[in-house]
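Each chain, letter by letter, is given below.
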Amino acid sequence: GLVFRAEDPHLRRPVAVKVMRPEVAANPVAADRFLREARATAAVKHDHIVTIYRVGQDRGVPFLAMEFLRGEPL
């Protein structure tokens, strides 16, 4: 997948948006797994796990919007 820094237009705060590559998202099994893992992560609240704000799809490509963490790039 790809991760972008973005801004939540409603709350005006920075977020990280992770999207699947469209060629991978075309595989329904991979797309379902991405969304299932995002929902599972969103269900957990822990200091060492990033907070998921939103999970969805845009034009058939799954994405998740999550807490933007400043720091060193991976």
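It should be emphasised that the depicted structure is a prediction, and the values quoted were computed from it without experimental measurement.

Novice: How would you sum up the pairing of strand β4 (residues 61–67)? Please name residues and give values.
Specialist: Remember that side chains alternate between the two faces of the sheet whenever the strand is regular. A large share of β4 lies buried, amounting to six of its seven residues. Bridge count for strand β2 (residues 13–19) against β4 is five bridges, and the pairing is antiparallel. Bridging across to β4, A16 finds its partner in M66. Where strand β3 (residues 52–58) lies against β4, six bridges are found, and the strand directions are antiparallel. Note that in β4 the partner of D58 across the bridge is V61. From the end of β3 to the start of β4, which pair antiparallel, there are two residues, and R59 there has a positive phi angle of about 55°.

Novice: Please give an account of unusual backbone geometry that cites residues and values.
Specialist: One non-glycine residue, R12, lies in positive phi territory at about 55°. Of note, R12 is situated in the loop between β1 (2–8) and β2. Phi is positive for R59, close to 55°, though the residue is something other than glycine. The topology assignment puts R59 in the loop between β3 and β4. R59 gets classed as exposed once you look at its relative accessible area, which sits at 77%.

Novice: Give a description of the packing of aromatic side chains that names residues and reports values.
Specialist: Taken as a whole and assessed by the stated rule, the structure comprises zero aromatic pairs. Positioned above the aromatic ring of F68 is the side chain of R5, whose terminal nitrogen or guanidinium carbon lies 4.5 Å from the ring centre. The lysine or arginine in question, R13, covers the ring of Y53, its NZ or CZ lying 3.9 Å from the ring centre.

Novice: Lay out the nonpolar core with the relevant residues and their values.
Specialist: Residues A16, M20, A25, A30, A31, F34, L35, A38, I52, L64 and M66 constitute the largest nonpolar core, which totals 11 residues. Sorting the residues of this core by element identifies α2 (28–42) and β4 as the ones contributing at least two each. Residue contacts for A38: discarding those within four places in its chain leaves I52, V55 and L64. Counting residues in each nonpolar core, the second largest holds five residues, with V15, V19, V61 and F63 among its members.

Novice: So, the pattern of salt bridges: which residues are in play, and what are the values?
Specialist: Per the counting criterion, the structure on display carries two salt bridges. When the shortest N-O distance is used, the salt bridge between R33 and E37 registers 3.6 Å. One end of the pair is R33 and the other is E37, both in helix α2 and four residues apart, which spans about a single turn. Taking the relative accessible area as the measure of exposure, R33 reaches 49% and is therefore partly exposed. For E37, a relative accessible area of 47% corresponds to the partly exposed category.

Definitions and cut-offs
- Throughout, a residue's number is its position along its own chain's written sequence, starting from 1.
- Per-residue local features are limited, in this predicted model, to residues with pLDDT of at least 70; the limit for side-chain atom pairs, both in listing and counting, is 80 or more; totals at the level of whole chains, interfaces and linings are taken over all residues.
- In computing side-chain properties, one takes all heavy atoms of the structure into account and sets aside hydrogens as well as water.
- Partly exposed residues are those whose accessible area sits between 20% and 50% of the maximum for their type, while under 20% is buried and over 50% is exposed, using a 1.4 Å probe and protein chains only.
- Counting from the N terminus, the helices are DSSP H or I runs at least four residues long and the strands are E runs at least two residues long.
- Only strands joined by at least two bridges in the DSSP assignment are considered to pair.
- Two aromatic rings from Phe, Tyr or Trp, using only the six-membered ring of Trp, form a pair when their centres are within 6.5 Å; if the ring planes differ by under 30 degrees the pair is stacked, by over 60 it is edge-to-face, and anything between is tilted.
- Criterion for a charge above a ring: Arg CZ or Lys NZ at most 6 Å from the ring centre, at most 35 degrees from the ring normal.
- By nonpolar core we mean a set of buried residues, namely Ala, Val, Leu, Ile, Met, Phe, Trp, Tyr and Cys, connected to one another through side-chain atoms within 4.5 Å.
- We call two residues in contact when some of their heavy atoms are within 4.5 Å.
- Think of a salt bridge as a Lys or Arg side-chain nitrogen and an Asp or Glu carboxyl oxygen that are within 4 Å of each other.

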